[in-house]
Amino acid sequence: MSIPNTSSDIVIFGAMGDLAQRKLFASLYQLERAGLLSQETRIIGVARHEEDTASFTHTCEESLQKYIKADELEPEILARFLDKVEYCAVNFTETESYQNLKAILDQSAERARIFYYATPASIYGSISRNLTRSGCTNTNSCVVLEKPIGHNLQSSNEVNDQVAEYFDETQIYRIDHYLGKETVQNLIALRFANPLFGSQWNQSHISHVEITVAEKVGIEGRWGYFDKAGQMRDMVQNHLLQLLCLTAMDPPDDLSADMIRNEKVKVLKALRPITLEMCNTHVVRGRYTKGVLEGNPVPGYMEEEGANPDSKTETFVAIKAEINNWRWAGVPFYLRTGKRMPEKLSQITVHFKPQPHFIFDESQRHLAQNKLVIRLQPEEGISLQILNKDHGLNKGMRLRSESLNLNFSQSSEQSRIPDAYERLLLEVIQGNQYLFVRRDEVEHAWNWCDQLMGHWANDTKPPQPYSAGSWGPKASDLMLIKDGNSWHEDQ
Ligand SMILES: NC(=O)C1=CN([C@@H]2O[C@H](COP(=O)(O)OP(=O)(O)OC[C@H]3O[C@@H](n4cnc5c(N)ncnc54)[C@H](OP(=O)(O)O)[C@@H]3O)[C@@H](O)[C@H]2O)C=CC1
Ligand SMILES: O=C1O[C@H](COP(=O)(O)O)[C@@H](O)[C@H](O)[C@H]1O
């Protein structure tokens, strides 16, 4: 990939925060290392603490030492990268406080300006207003918004409206970091570059689809944030629905941002709303209790630091989603995500329908299905389960289920798979919006989730318990068993 010929000023609001220090500076360093930041690029960290560039740069260096692998931290590149970093103290909610930032930006008046809001969404509107009023924006400015935008459709609309007063949709990059994962982008290549899959990707050939995003981590000291969100807002509203869209969407006319986003919106609009009655059959809401993970005892959600005894927040969700369109009529999409599960695993499993007429030994009929497993993380890759003849003179025509495996880190010339934020920052610098979420996508996703969460709000029962270190409540398995299916790792 060539070095972008445009230089930008990348301004990071909330530069001392966790996201900035753990992900954003590390990703920008990797872009520098890959030769993808132009020489003139400046990275301006903005936070409210009075501090000078030297001590801020020192903080960034310490974070890089913590979050970048030692063999990737090359002294010459590090020095070149830190040379690009500056610091400016601003109180985000006061217009007058932006004058120093304006003075820095005015040193390169024509340059593209990227304003990255690594702050709570409640102040996105205020930052947008103050940037504009203080004259910090130019005609080549854009903003990057972190998730979650709002708590529901209404609050998300409020934030989006506030930002839209100052920036139009083509200037707004809404992050869903799952879209930056190489393996998630590979879904587009896999589906639309391979005629083999392109022709089979519909209800005539696919019986059901599973999307699992399992996390080993618990709340990690974030009880205050997480208890207001829950797994539905934290993971389903954004990451899982984006994965569903990329798996289910029709082929876009081309790879432009709007063509892809139009197709994703169609899927979101076609999602069957979850009614109150369907909550018993189509949804499982869980919360982890104490358990054992990798041999170590871990506390339950309600024993975590800061826990509120009245909490009804879920840490696990499984949903049988249905898409009301020609392509997917009658094909369940089982979504599942939870904290404190036995392993970190994100994968999509596509189950193909059996042959219409089975000519082999009846006892082997249960084997006779193809399954495509798309592993998003870890061990990124694809495996296709197929049936072979069991070799040997005494085996007759016995079938044997085997996998064709493609492991991305072994098959690619570059064994290092870039972090999602590296890809996303690069796309912002290059002005490509296809990996970012358009406003109507956010709205349709909230609309579907709000309806379901509305039923939960009126439910006095707590979520169903599951032991930390397990795959969620038993009800999640039963939901599939009733349909004659089971989660991939049970098979
Ligand atoms: N951390 C992560 O892994 C992820 C974070 N996000 C999102 O990214 C955003 C940032 O998250 P995170 O870094 O974890 O949060 P942090 O709380 O760690 O950082 C937020 C930063 O914003 C600053 N800030 C807040 N209000 C003001 C203000 N009025 N004036 C000046 N500075 C202000 C804080 O400054 P101070 O230190 O002075 O309070 C802090 O440095 C959030 O929207 C979050 O939802 C999304 C996905 C993952
Ligand atoms: O957005 C979020 O994602 C992480 C999981 O991301 P991953 O890239 O590690 O799979 C999740 O832990 C966090 O709660 C959520 O806010």
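Procedures and definitions
Residues numbered from 1 in each chain as written. Chains lettered and ligands numbered in written order. Predicted model: local features only at pLDDT ≥ 70, side-chain atom pairs only at ≥ 80, totals over all residues. Heavy atoms only, no water. UniProt positions renumbered as here; feature names shortened; annotations may be inferred. Buried < 20%, exposed > 50% of the residue type's maximum accessible area, 1.4 Å probe, protein only. Contact = heavy atoms within 4.5 Å. Helix = DSSP H or I, 4+ residues; strand = E, 2+ residues; numbered from the N terminus. Pairing = 2+ DSSP bridges. Axes fitted to C-alpha atoms, helices over the stretch in contact; angles between N-to-C directions. Near = heavy atom within 4 Å. Polar contact = N/O pair within 3.5 Å; in protein donor to acceptor, adjacent residues only side chain to side chain. Areas by Shrake-Rupley, 256 points an atom, 1.4 Å probe, with all protein chains shown as cover. Nonpolar A, V, L, I, M, F, W, Y, C, P; charged D, E, K, R; others polar. Parallel < 35°, antiparallel > 145°, perpendicular 65-115°, else oblique. 1 Å grid on protein atoms, 1.4 Å probe; cavity = no way out; pocket = protein on both sides within 12 Å on 5 of 7 lines; lining within 4 Å.

Brief notes about the UniProt feature "binding site: substrate" (unreviewed entry) in the protein chain
Argument step 1. As annotated in UniProt, the feature "binding site: substrate" (unreviewed entry) corresponds to H177, K181, E215, D234, K339 and K344 in the numbering used here.
Argument step 2. By relative accessible area, H177 is classed as partly exposed at 23%.
Argument step 3. When sequence neighbours within four positions are dropped, the list of residues in contact with H177 reads H239, A420, Y421 and L424.
Argument step 4. Structurally, K181 can be placed in the loop between β6 (172-174) and α7 (182-193).

Here's the deal with the sheet that holds strand β16 (residues 399-407)
Hydrogen bonds along the backbone pair up the strands of a sheet, which may run parallel or antiparallel.
Argument step 1. In space, the nine strands of this open sheet follow the order β16-β15-β14-β13-β7-β12-β11-β8-β17, with mixed pairing throughout. Of all strands in the sheet, those bounded by a partner on one side alone are β16 and β17 (464-467). Looking at each pair of strands side by side, their axes are set apart by 20 degrees on average, direction ignored.
Argument step 2. As defined by bridge partners, strand β8 (residues 283-289) adjoins β17 across four bridges and the pair is classed as parallel. By the bridge assignment for β17, G286 is matched with Q464.
Argument step 3. Together, β13 (345-352), β14 (371-377) and β15 (381-389) form the strand contacts of α7, whose direction differs from that of β14 by roughly 145 degrees.
Argument step 4. Docked against the sheet, helix α15 (residues 474-481) engages β8, β11 (316-321), β12 (333-338) and β17, running at close to 10 degrees with respect to β11.

Quick word on the site of ligand 1
Argument step 1. In the region of ligand 1, 19 residues are neighbours, and D18, L19, R22, R48 and T119 sit closest.
Argument step 2. Within the backbone of F92, an N or O atom sits 3.3 Å from a nitrogen atom of ligand 1.
Argument step 3. The side chain of Y124 places a nitrogen or oxygen atom 3.5 Å from an oxygen atom of ligand 1.
Argument step 4. Its free accessible area being 890 Å², ligand 1 has 72% of it covered by the protein chains.
Argument step 5. Among the elements that line the shell around ligand 1, the one with the most residues is helix α1 (residues 18-33), at three residues.
Argument step 6. Of the residues belonging to the shell around ligand 1, the class tally is nine nonpolar, five polar and five charged.

Side note on the sheet that holds strand β5 (residues 141-145)
Argument step 1. The six strands are arranged β3-β2-β1-β4-β5-β6 in an open sheet whose pairing can be described as parallel. Edge strands, defined here as strands with exactly one partner in the open sheet, are β3 (85-89) and β6. Shown here is a sheet whose adjacent strand axes are inclined to one another by a mean of 20 degrees, direction ignored.
Argument step 2. As judged from the five bridges shared by strand β1 (residues 8-13) and strand β2 (residues 42-47), these two strands associate in the parallel manner. Residue pairing in the sheet places F13 in a bridge with V46 of β2.
Argument step 3. In the packing of helix α5 (residues 124-133) onto the sheet, the strands contacted are β1, β4 (112-117) and β5, and the crossing angle to β4 comes to about 155 degrees.

Section: the side chain of R261
Argument step 1. For R261, the location among the structural elements is in helix α10 (residues 257-270).
Argument step 2. Overall, R261 belongs to the buried group, its relative accessible area being 1%.
Argument step 3. Once you skip the residues sitting within four places of it in the chain, R261 turns out to touch Q433, F436, V437, R438 and E441.

Quick look at the packing of α1 against helix α2 (residues 53-67)
Argument step 1. Contact pair α1 / α2: the axes reach a minimum separation of 9 Å and the direction vectors enclose 90 degrees. Here α2 runs roughly perpendicular to α1, going by the angle between their axes. Note on element contacts: α2 touches α1 through F56, T59, C60, S63, L64 and Y67, opposite Q21, R22, F25, A26 and Y29.
Argument step 2. Looking at side-chain class alone, the contact of α1 with α2 contains seven nonpolar, three polar and one charged residues.

Side note on the UniProt feature "binding site: NADP(+)" (unreviewed entry) in the protein chain
Argument step 1. Within this structure's numbering, the places UniProt gives as "binding site: NADP(+)" (unreviewed entry) are R48 and K147. None of the other annotated residues line the largest cavity; only K147 do.
Argument step 2. On the accessibility criterion, R48 (65% relative accessible area) is exposed.
Argument step 3. If we skip the residues at most four places from it in the chain, R48 touches Y87, A89, V90 and N91.
Argument step 4. Looking at where K147 falls in the secondary structure, it is placed in the loop between β5 and α6 (153-164).
Argument step 5. By relative accessible area, K147 is classed as partly exposed at 22%.
Argument step 6. Ignoring anything within four residues of it in the chain, the contact list for K147 reads I175, D234, N238 and H239.
Argument step 7. Reaching out from K147, the side chain makes a polar contact with the backbone oxygen of D234 at a distance of 3.0 Å.

Concerning the site of ligand 2
Argument step 1. Every residue close to ligand 2 is listed here: K147, H177, Y178, K181, E215, R222, D234, M235, H239, K339, K344 and Q377.
Argument step 2. Side-chain polar atom of H239 to an oxygen atom of ligand 2: 2.8 Å apart, as the coordinates give it.
Argument step 3. K344 is positioned such that a nitrogen or oxygen atom in its side chain is 2.7 Å from an oxygen atom of ligand 2.
Argument step 4. Contact with the protein chains covers 79% of the free accessible surface of ligand 2, which is 400 Å².
Argument step 5. Ranked by the residues each element gives to the shell around ligand 2, the list is headed by helix α9 (residues 223-248), at three residues.
Argument step 6. The class makeup of the residues in the shell around ligand 2 is two nonpolar, three polar and seven charged.

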